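Spelled out from the first residue to the last, the chains are:
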Amino acid sequence: MASTTSSETTIETTSTWAVATVVFVLILISIFIEHLLHLLAKYFNKKRRKSLIQALDKIKSELMLLGFISLLLTVGEKTIANICIPKSVGETFLPCSEPSNGEEEEAKCEAQGKVSLLSREGARELHYLIFVLAFFHSLSCVLTFSLGMAKMRRWESWEAETRTLEYQFSNDPRRFLLMHQTSFARRHLRFWSEHRFLRWPACFLRQFYASVYKVDYLTLRHGFITAHFAEGSNFDFQKYIKRALEKDFAVVVGISLWMWIFSMFFIFFHAHGLYNYFWLPFIPLLMLLLVGTQLQGIITKMCLDSHDKSQVVRGTFLVRPSDHFFIFGWPKLLLHLIHFILFQNSFQLAFFTWTWYKFGLRSCFHRKTEDIVIRLAMGVLVQILCGYVTLPLYALVTQMGSSMKKSVFPENVVEGLNRWRANARKNVALKSKYTSARPSVDASSSPDTASPPPGTCPSFSLDASYSKKFDRPSDSECLAVEIKDEEKEIRVSRETGEDQKRGSFGGFDVRKIS
């Protein structure tokens, strides 16, 4: 081992031009990548895609976190290698049944008859795993949402159809139909709908072919607009879903602490004898299928709920959005589950790629052919199924909660409201300052004070009928907007007399915005 160590070339015996050339190339590559990210951010800013800018910032922060972990590994490489543990403990839960003893142990641990907690070579190998994980996680999120957006592109034609005279005639609220005569009811009110043990297998199979039907989209769109908007509103539901999904993308690209904890369990279960390739790659797939089944079941339960309340349909089938259709009454839980599925799937693919690169395809991590086939097949299947099937279904169904999302407002409207709010605050501050500084005017005059005494200023009298109050706007129209970026809440209320209900803005109830 000593001869091998002495034969390695160090910086001391390397030409300065070679070192400078390598560093210069690395700097050029880093600047090029940074410039690409900067151009991408400028493009998103130009298109007013604030949610994608936030997602890009989160990707940068995650890359910085992984780079910091790598830096800590480099700095603490020797310190970690000097942590000695007994050989009996170090030989438990090994990934290989016959580990190689080619790694160089620290002199301190070798003198004590112990082994290092993590050798220096093992720390260097972890560097590769970190960077491969960063690449696969970012690539997995981008591919998944690209597939979802491609699938939802057909919804644009469905949305355009709602503005045609034929659609408005067929869904005229003056027409009355029986429940079973509607396409939505014929699709969901079957013999298995009333029985839970039959409904869940049917919903499980339904997600594999045309997970989002046209009639489902149009019915859920009608229920959403009826619940939150005025009747006959031309709200673009497809663009709203797209904005909401972009905002969810900013959540999915992040890596939380509990995901790192599950990743550590994933590494731990790669010990020899646990046969993890028979069950570990199937966890993301099973979770994804359960999420898809739950989403299909929510649509069926909404249909059953409307069927129990009325047997007659006015115009078109009406579903009522509510949180109680979702697990624990929390629609956002499904987003966290998809987030977990994507990260764990990308982690498994990254781990497989890392072991293939560092130890070869037929290493102790993948001794059997079925191991390789199962891991690759499950990773690709989860990626395609999540992006092309589950994600569009999630984007549609999760809008049917009790409240709307902040993305109901386009970015230009939010910016305009923010500017309006800032100007309103400034005007209120100036008005209050002027009110406190001006002299008081006596509105009640008496004949005794009609002629001021000599040497004093005259006192003017104003009739109350000609007085104007500036502290309060007219009761016929009052607009109050409060936007909180920190709490992500928007509460807008507009009063226009007795014709509009209190707490509405632009025809919809904004007190339901989450």
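Relevant structure appears above.
**Re the overall build of the chain**
- Secondary structure assignment for the chain yields 18 helices and 8 strands.
- Taking all 514 residues of the chain together, 38% fall into the buried category.
- Contacts in the chain between residues far apart in sequence, at least 24 positions, make up 77% of those at least 6 positions apart.
- Surface summary for the chain: the accessible area is close to 30,900 Å², and the carbon and sulfur share equals 62%.

**What to know about the packing of aromatic side chains**
- Going through the model one piece at a time under the given rule, you end up with 30 aromatic pairs.
- Here F93 and F268 contribute two aromatic rings whose centre-to-centre distance is 5.0 Å and whose plane-to-plane angle is 35 degrees, an arrangement assigned as tilted. With F93 in the loop between α5 (87-90) and α6 (107-111) and F268 in helix α14 (residues 257-268), this residue pair connects regions lying 175 residues apart in the sequence.
- For the pair W158 and Y217, a centre-to-centre distance of 5.7 Å together with 55 degrees between the ring planes defines the contact as tilted. With a gap of 59 residues between them, W158 in helix α8 (residues 155-161) and Y217 in helix α12 (residues 214-228) connect regions that are remote in the sequence. For the pair shown, W158 and Y217 are each scored as buried.
- Cluster of aromatic residues (ring-pair linked, three or more members): W155, W158, Y217, F224, F229, F235, F237 and Y240.
- Above the face of the Y388 ring, K151 is positioned so that its terminal group lies 4.7 Å from the ring centre.

**Let's talk about the layout of surface pockets**
- Taken as a whole, the second largest pocket holds about 1,200 Å³ of empty space.
- Lining the second largest pocket are 37 residues, and of these L37, L40, L56, I59 and V142 sit closest to its centre.
- When contributions to the lining of the second largest pocket are tallied by element, the ones reaching two or more residues are α2 (16-46), α3 (50-75), α7 (120-152), α8 and α13 (237-252).
- Here the lining of the second largest pocket is composed, by residue class, of 25 nonpolar, 5 polar and 7 charged.

**Quick word on unusual backbone geometry**
- Despite not being glycine, F93 shows a phi value in the positive range, around 55 degrees.
- Phi is positive for F328, which is not a glycine, with a value near 60 degrees.

**Let's talk about the packing of α3 against α13**
- With their axes 8 Å apart at the nearest point, α3 and α13 run at an angle of 10 degrees to one another. Considering the angle they form, α3 stands roughly parallel to α13. Within the contact between the two elements, α3 uses S51, L52, Q54, A55 and K58 and α13 uses R243, E246, K247, F249, A250 and V251.
- Along the lines of polarity and charge, the residues of the contact of α3 with α13 split into 5 nonpolar, 2 polar and 4 charged.

**Comments concerning helix α17 (residues 369-397)**
- For α17, built from 29 residues, the straight-helix expectation of 42 Å at 1.5 Å per residue is met to within 8% by its first-to-last C-alpha distance of 40 Å.
- At C386, α17 shows its maximal bend, which comes to roughly 45 degrees.

**Some points on the packing of α7 against α13**
- Contact pair α7 / α13: the axes reach a minimum separation of 11 Å and the direction vectors enclose 170 degrees. In terms of orientation, α7 lies roughly antiparallel with respect to α13. Residues H137, C141, V142, F145, M149 and M152 of α7 touch α13, and the partners they reach there are Q238, I241, K242, L245, E246, D248, F249 and V252.
- Considered class by class, the residues forming the contact of α7 with α13 number 9 nonpolar, 2 polar and 3 charged.

**What to know about the environment of L218**
- Position of L218 relative to the elements: it lies in helix α12.
- A C-alpha to C-alpha distance of 9.3 Å links L218 and F184, two positions 34 residues apart in sequence.
- Those residues within four positions of L218 in sequence are excluded, and the remaining contacts are W158, T162 and Y167.

**Observations concerning the pattern of salt bridges**
- Applying the stated criterion to the full structure yields 9 salt bridges.
- Where R221 meets E159, a salt bridge forms, and the shortest distance between an N and an O atom there is 3.0 Å. Separated by 62 residues along the polypeptide, R221 in helix α12 and E159 in helix α8 bring together distant segments of the chain. Accessibility assignment for this pair places R221 and E159 in one class, buried.
- Residue E161 is joined to K214 by a salt bridge in which the shortest nitrogen-to-oxygen separation is 2.5 Å. Taken together, the positions of E161 in helix α8 and K214 in helix α12 put the pair 53 residues apart, joining distant regions of the chain.
- Of the residues examined, E161 reaches a relative accessible area of 28% and is grouped as partly exposed.
- A residue is classified by how much of its surface remains accessible, and K214, at 33% relative accessible area, is partly exposed.
- Sharing partners across several salt bridges, the network here consists of E159, R163, R221 and D236.

**Comments concerning a nonpolar patch on the surface**
- Residues F24, V25, L28, I29, F32, I33, L36 and L39 make up a contiguous nonpolar surface patch of roughly 760 Å² in combined accessible area.
- Among the structural elements, V25 can be located in helix α2.
- Residue classification places V25 among the partly exposed residues on the basis of a relative accessible area of 40%.

**Let's talk about the nonpolar core**
- With 67 residues, the main nonpolar core has F224 and I241 as its most contacted residues.
- Per element, the largest residue contribution to this core is 12 residues, and it comes from α17.
- Other than its neighbours up to four places away in sequence, F224 contacts F229, F235, F237, Y240, P321, Q399, M400 and M404.
- Counting 23 residues, the second largest nonpolar core, distinct from the first, contains I255, L280, L349 and F365.

Thresholds applied
- Residues numbered from 1 in each chain as written.
- Predicted model: local features only at pLDDT ≥ 70, side-chain atom pairs only at ≥ 80, totals over all residues.
- Heavy atoms only, no water.
- Helix = DSSP H or I, 4+ residues; strand = E, 2+ residues; numbered from the N terminus.
- Buried < 20%, exposed > 50% of the residue type's maximum accessible area, 1.4 Å probe, protein only.
- Contact = heavy atoms within 4.5 Å.
- Areas by Shrake-Rupley, 256 points an atom, 1.4 Å probe, with all protein chains shown as cover.
- Phe/Tyr/Trp six-rings, centres within 6.5 Å; stacked < 30°, edge-to-face > 60°.
- Lys NZ or Arg CZ within 6 Å of the ring centre and 35° of its normal.
- 1 Å grid on protein atoms, 1.4 Å probe; cavity = no way out; pocket = protein on both sides within 12 Å on 5 of 7 lines; lining within 4 Å.
- Points joined across faces, edges and corners; volume = space filled by probe spheres on them.
- Nonpolar A, V, L, I, M, F, W, Y, C, P; charged D, E, K, R; others polar.
- Axes fitted to C-alpha atoms, helices over the stretch in contact; angles between N-to-C directions.
- Parallel < 35°, antiparallel > 145°, perpendicular 65-115°, else oblique.
- Expected span 1.5 Å × (residues − 1).
- Bend = angle between axes of the 7 residues up to and from the residue.
- Salt bridge = Lys/Arg side-chain N within 4 Å of Asp/Glu carboxyl O.
- Patch = residues over 30% accessible without salt bridge, like charges linked within 9 Å, V, L, I, M, F, W, Y side chains within 5 Å.
- Core = buried A, V, L, I, M, F, W, Y, C linked by side-chain atoms within 4.5 Å.

Any link to function would need more than the numbers given here.
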